[in-house]
Amino acid sequence: MFRSKRTTLVKRLWKFKLQNEASCPTETNDDLELKSVVHSMLKRLKEHQLDTLLQAVESKGGERTECVLLPKGDLRLGKRTVAPHVLCCQIWRWPEIDQGYELKRLTCCATRGDPTSVCCNPHHWSRLQIPDSPPPPYSATTEQLGIEDQMVQRQPVSTETGGTPSELRQTYYETGDTLSNGARRHHWCHVAYWEQRQRVGRLNTVFDQTINIFQELPHGDGMCLGVLQQDTPAPDPVKRTREKIGFGVTLSQEEDGAWMYNRSEYPIFVNSPTLEPGNSRTFIVHKVLPGFSIKIFDYDMSSFLARTRDPRYLDGPYDPSSVRISFAKGWGGVYSRQCVTSCPCWIEILLNINR
């Protein structure tokens, strides 16, 4: 008997199922029930949806794929229920997750706000990282402070290297792009790529909501670091780190701030002024594991810090709109590298906070 293409696609998708480290090597009754529920769910998809889902799973998110929609409504799995998108993420990405609040929808997903359907493409979701040491609450205090007090208009400067050319700094807040209707849209950040203390390539101005920054990505669009590195000689530590960048990161501007999604297979390390307690002489570097998203810059928190910053705590150059991200290597008090300029490959994000 000939097997239908739909059946073949379902079987191929099941073969990509990830195993939980604590799972038994032999199939249990729970495994058989899970297989039955997943097969039943997949058979509700059309053939082109199965193709899309298989492409996303096979490429591990490297290929740009469309949403895969299923009606909202939990699935019965033994004594518990699970949402379809959570189940798909458990099967093909993170077997250990349990609830939907552990996930964050990525900006590439077009189904935000859909009242009837949910996207089950597991690579349209990321795990949500909550900072280990969140800043103290600031909303109530913000209302009590005069907005006009201590507001200082600053132009972003690289506090680590001073390497951002002065002519670019002078036009930072004025950079814009003209749309077809004659209107002006303004950038939301600049991105600079560094290898240790040397900047590689030009400063990249970002207008679109999302930018991919990667070493190699199938059909990728965005900032390809591999192209920037072509004519740049590098010591062995830098070469080894280049090989670990892979799919890199996705930066996105969202309503509540700027977010970063780690698409690579190695940890990413982040330092941001809005991920630190205010008026502190120490800085915090956050480790972001593969598949996780973290809000790297909070616009409301930035405004609060601008109004409450005590100059006595500033021991040196400080840029309230600069975020630093290092690929695979951390820096700071608990690492051998004390400064980000000692990291082999890193990017500096200069945010346009005067939006």
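Residues numbered from 1 in each chain as written. Predicted model: local features only at pLDDT ≥ 70, side-chain atom pairs only at ≥ 80, totals over all residues. Heavy atoms only, no water.

A.B. asks: Please explain the pattern of salt bridges as it appears in this structure.
C.D. replies: Side-chain pairs of opposite charge can arise where the charged atoms are in close proximity. One pass over the full model with this rule turns up ten salt bridges. Of the charged contacts in the structure, one is a salt bridge between arginine 242 and glutamate 195, with a shortest N-O distance of 2.8 Å. Of the two residues, arginine 242 is situated in helix α8 (residues 236-245) and glutamate 195 in strand β9 (residues 189-195); the sequence distance between them amounts to 47 residues. With respect to class, arginine 242 is no different from glutamate 195; both count as buried. Ionic pairing is found between lysine 295 and aspartate 256, a salt bridge with its closest N-O pair at 3.5 Å. Within this pair, whereas lysine 295 is found in strand β17 (residues 292-298), its partner aspartate 256 is found in the loop between β13 (249-254) and β14 (257-262), the two being separated by 39 residues in sequence. One salt-bridge network, in which partners are shared between bridges, spans Lys5, Glu47 and Asp51. (Salt bridge = Lys/Arg side-chain N within 4 Å of Asp/Glu carboxyl O. Helix = DSSP H or I, 4+ residues; strand = E, 2+ residues; numbered from the N terminus. Buried < 20%, exposed > 50% of the residue type's maximum accessible area, 1.4 Å probe, protein only.)

A.B. asks: Would you take a moment to explain the confidence of the model for the chain for this structure?
C.D. replies: Low-pLDDT stretches of the model should not have their predicted coordinates read in fine detail. Chain-level pLDDT for the chain is 84 on average; 80% of the residues reach the 70-or-more range. A low-confidence stretch, residues 138-156 stays under pLDDT 50, and its non-local contacts, those more than four residues away or across chains, total 33 contacts. The model gives residues 164-175 a pLDDT under 50, and that stretch makes 32 contacts with residues more than four places away or in other chains. (pLDDT = per-residue confidence, 0-100. Contact = heavy atoms within 4.5 Å.)

A.B. asks: It is not clear to me how the sheet that holds β13 should be interpreted in this structure. Could you clarify?
C.D. replies: Within a sheet, adjacent strands bond to each other through the backbone by hydrogen bonds, running parallel or antiparallel. Taken together, the seven strands give an open sheet; going across it, the order is β4-β6-β17-β14-β13-β11-β12, and neighbouring strands pair in mixed fashion. The open sheet has two edge strands with one neighbour each: β4 (103-105) and β12 (223-224). Sheet topology places strand β11 (residues 210-214) next to β12; two bridges connect them, and they run parallel. Residue pairing for β12: phenylalanine 214 is matched across the bridge by cysteine 224. Contacting β13, β14 and β17, helix α9 (residues 299-308) crosses the sheet at an angle of about 35° to β17. (Pairing = 2+ DSSP bridges. Axes fitted to C-alpha atoms, helices over the stretch in contact; angles between N-to-C directions.)

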